[in-house]
Amino acid sequence: MRSEPIIKVENVYYRYPPNIWALKGVSLNIYKQEFIALLGQNGSGKTTLAKHLNGLLVPTRGRVLVKGIDTRKLSVAKIARIVGYVFQNPEHQIFAKNIYEEIAFGLRNIGVPEEEIEDRVREALEEVDLRKPLDTNPHFLSTGEKHRLAIASVLAMKPEVIILDEPTTGLDYKRIKQLMEIIYNLYKKGHTIILITHDMALAAEYCERAIILHNGRILVDAPAREVFSNIELLAQSSLKPPQITLLSIELNRRGYPIPRDILTVKEMADKITSLLKTY
Amino acid sequence: MKENYAVVVEDLWFKYVASKDYVLRGVNLKVKPGEFVVIMGPSGCGKSTLAYTLNGIIPHVFKGEFKGKVIVNGLNTLEHTVSELATHVGMVFQNPEAQIVTMTVIEELSFGPENLGLPRDEIERRIREVVKVARLEGKEYRPTVSLSGGEKQALAIASVLALRPSILVLDEVTSMLDPIGTELVSEMVVKLNKEYGLTIIAIDHRVEWAAEYADRIVIMDEGQILGEGKPEEVFSSPDLVRKIGFRAPQVSELAYELIDRGLSVKKIPISLSEAVETYSKLIDMIMKGEWRPLKNEK
């Protein structure tokens, strides 16, 4: 039996004024230690849904429960201790005069005593591998470092759920890999990660559950392997499987002993080398 | 006789006023008219700086120490203004929001030609033409804010095209778009190259796309060009690809991984169709017990 969900989304509708329904009846549960990909085109409702999970938005109809409490009855500061949100562009999030203040801001807001703050700041910076003097001005950091600082400032609040809204935009592959390793470690330590992304190969490599939103509704919510190997389903939302999955599908169709739902390069290499032992 | 080039960059060094060190360190690049070149490399490798030198933004707007020379369509950028160069080299950037300056599609498209002081009927003719290329027909009077990200970026490209450049420099123009927007803009770029013969110099991280459409891939790191060649040449060199930590197409990465494990992959595939052939044959050989290990197998 699975434990109680951390977040329950119950038949949520959301209307932006004057009359645009961004969410039209979304229901889902989010549990401890999940790695979820939230996919969909721009305008599909991904960010609107994500903002419901941490109380930045409350439903027009339906309800969202965080730890069993309706988000309408919780302050954003209270929810921030449970659900952290890292924005797409770190420039939109970073505002303080130095690294220390940037991270301490959130901690003070949620009432962490001043004597505890420095330890939590250091811990969070270590977690994201950002080794800079605490008085460094964040605006002089590189883009990759700003991303890590933005994550650290959310992490310091020790939220059980961390939402990352397209964290890899504008990063090169090396930095994307580094960032994903950091995020994956957080998942291994028991956090739930919700990754909003357009990068199918990346989502397929790390996520275990995939949710596709389409026109404000959930098109699918299933294990990642099922979702990423389903060409027809993805096409409904103008998405494509990763290239390596397309290769596995085609090899499988031609009758080779390769499963049709391979998600990573390493998996495919393992499969091919394992054939050496069979034949 | 000198060969005719769209772009010639000769031993180019550049250092911004605020930067400690040179950002470009002896770059040499020649691009032929009609060529489709994709520049790749990690953040901070100097690729955007190189792009800025191609239409004179460097050194005319962003100042610094500039050594070497850049010639576009025979014009030395040091001797011509940015507005003159803009009719030869169009440049489009990453963020569609940041480069749209007017309220409606038609105003945006007429902005450049009006500034060139072109006659009214010429401006109208050009707008009709670029609206078609950007697939914005029927949306001429729409407010620019109502366009999708992909449409905004198509509009940004179209407004540059209205100046009739023969060279288009694109700095990660799809990196902020969703898959539908990315497709719209990518198709437009390929069409401009294949059908209209524009020279394209695109900075892009999307390897699968570059592998399929580029005539040549240029790899930069630390202000220098580390390697260049046809996509199949570049991606067949795992050492180069790994050295600067960039992502090759997944089907090429599979080949690198298998080679590491001692399997022989003679031709490294870069597209899905090539990969299906290559790996079908490889698996056939394995299943018949005919596979040969590489000499350097550990």
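Residues numbered from 1 in each chain as written. Chains lettered and ligands numbered in written order. Predicted model: local features only at pLDDT ≥ 70, side-chain atom pairs only at ≥ 80, totals over all residues. Heavy atoms only, no water.

How do you make sense of the overall build of chain A when you look at a structure like this?
Scanning chain A for helices and strands turns up 11 helices and 10 strands. At 20 Å, chain A has a C-alpha radius of gyration in line with the 19 Å of a compact globule built from 279 residues. Each of the three principal axes of chain A carries a C-alpha extent, and together these read 65 × 45 × 40 Å. Within the span of chain A, comprising 279 residues, buried residues form 56% of the whole. Element-wise, carbon and sulfur atoms account for 49% of the exposed surface of chain A, whose accessible area totals about 12300 Å². Side chains of chain A give 38 positive and 33 negative charges; the mean places of these two sets differ by 5 Å. (Helix = DSSP H or I, 4+ residues; strand = E, 2+ residues; numbered from the N terminus. Rg over C-alpha atoms; globule rule 2.2 N^0.38 Å. Buried < 20%, exposed > 50% of the residue type's maximum accessible area, 1.4 Å probe, protein only. Areas by Shrake-Rupley, 256 points an atom, 1.4 Å probe, with all protein chains shown as cover. Lys, Arg positive; Asp, Glu negative; His and termini not counted. Charge placed at Lys NZ, Arg CZ, Asp CG, Glu CD.)

Help me understand the environment of B:Ile106, please; the structure alone is not making it clear to me.
Residues and elements named next belong to chain B. Note on placement: Ile106 falls in helix 5 (residues 105–115). The spatial distance from the C-alpha of Ile106 to the C-alpha of Lys139 is 8.5 Å, given a sequence separation of 33 residues. Those residues in contact with Ile106 that sit more than four places away from it in its chain are Ile127, Glu140 and Tyr141. (Contact = heavy atoms within 4.5 Å.)

Any chance you could explain the interface of chain A and chain B here in plain terms?
Quoted interface sizes are often the accessible area lost when the parts come together. At the junction of the two partners, chain A supplies 34 residues and chain B supplies 39 residues. Between chain A and chain B, a total of about 3200 Å² is buried, with carbon and sulfur atoms accounting for 66% of that surface. Contact with chain B buries area across many residues of chain A, yet A:Tyr173, A:Gln243 and A:Tyr256 alone supply 20% of it, more than any other trio. At the junction of chain A with chain B, the criterion picks out 2 salt bridges. With a shortest N-O distance of 3.5 Å, B:Glu277 and A:Arg254 are connected by a salt bridge. Here chain A is connected to chain B by 11 residue pairs in polar contact (both at pLDDT 80 or more). With 9 residues, helix 11 (residues 265–278) of chain A is the single largest residue contributor to the side of chain A that touches chain B. (Buried area = accessible area lost by both parts, 1.4 Å probe. Salt bridge = Lys/Arg side-chain N within 4 Å of Asp/Glu carboxyl O. Polar contact = N/O pair within 3.5 Å; in protein donor to acceptor, adjacent residues only side chain to side chain.)

Mind showing me how you'd approach the sheet that holds strand 9 (residues 216–221) of chain B here?
Remark on secondary structure: sheet strands pair via backbone hydrogen bonds, oriented parallel or antiparallel. Residue and element names in this part refer to chain B. The 6 strands are arranged 6-7-8-3-9-10 in an open sheet whose pairing can be described as mixed. The sheet terminates laterally at strand 6 (89–92) and strand 10 (224–229), the two strands that pair on one side only. Between one strand axis and the next, the sheet turns through 20° on average, direction left out of account. Inspection of the sheet shows strand 3 (residues 36–40) paired to strand 8 (residues 199–203) by 4 bridges, in the parallel sense. Among the inter-strand pairings, Val38 is bridged to a residue of strand 8, identified as Ala202. Running at roughly 150° to strand 8, helix 1 (residues 47–54) makes contact with strand 3, strand 6, strand 7 (167–171), strand 8 and strand 9 of the sheet. Across the sheet, helix 7 (residues 149–161) is in contact with strand 6 and strand 7; its angle to strand 6 comes to roughly 160°. (Pairing = 2+ DSSP bridges. Axes fitted to C-alpha atoms, helices over the stretch in contact; angles between N-to-C directions.)

How should the pairing of strand 1 (residues 7–16) of chain A be read in this particular structure?
All names here are of chain A. As paired strands, strand 1 and strand 2 (residues 20–30) are joined by 8 bridges and run antiparallel to one another. Bridge assignment links Val9 to a residue of strand 2, and that residue is Leu28. Linkage of strand 1 to strand 2, two consecutive antiparallel strands, is achieved through a turn of 3 residues. As paired elements, strand 1 and strand 4 (residues 61–66) share 5 bridges and run antiparallel to each other. Note on strand 4: the bridge partner recorded for Glu10 is Arg63.

I'm lost on the pattern of salt bridges in this one. Help?
Pairing is possible between side chains that carry opposite charge, provided their charged atoms lie close to one another. Under the defined criterion, the tally for this structure stands at 35 salt bridges over all chains. Close ionic contact of A:Glu205 with A:Lys177 constitutes a salt bridge, the shortest N to O distance being 3.0 Å. Residue A:Glu205 is located in helix 7 (residues 200–206), and its partner A:Lys177 is located in helix 6 (residues 173–188); the two are separated by 28 residues in the primary sequence. A:Lys266 is paired through a salt bridge with A:Asp270; the nearest N and O atoms lie 3.1 Å apart. Here A:Asp270 and A:Lys266 lie together in helix 11, a separation of 4 residues that amounts to about one turn. Taken together, the salt bridges that share partners define one network made up of B:Glu122, B:Arg125, B:Arg126, B:Glu129 and B:Arg164.

What is the right way to read the environment of A:Ala269 from this model?
Note on placement: A:Ala269 falls in helix 11. Taking C-alpha positions, A:Ala269 is 28 Å from A:Thr169, a pair spaced 100 residues apart along the chain.

Quick question: what am I supposed to make of the packing of helix 7 of chain B against helix 8 (residues 179–194) of chain B here?
For any two helices packed against each other, the geometry comes down to the angle between their axes and how far apart the axes lie. Residue and element names in this part refer to chain B. Across the interface, helix 7 lies against helix 8 with an axial gap of 8 Å and an inter-helix angle of 25°. Classified by the angle their axes make, helix 7 and helix 8 are roughly parallel. Every residue of helix 8 that contacts helix 7 at Gly150, Glu151, Gln153, Ala154, Ile157, Ala158 and Leu161 is listed here: Gly181, Leu184, Val185, Met188, Val189 and Leu192. Considering only residue class, the contact of helix 7 with helix 8 consists of 9 nonpolar, 3 polar and 1 charged. (Parallel < 35°, antiparallel > 145°, perpendicular 65-115°, else oblique. Nonpolar A, V, L, I, M, F, W, Y, C, P; charged D, E, K, R; others polar.)

Keep in mind these values describe shape, not function.
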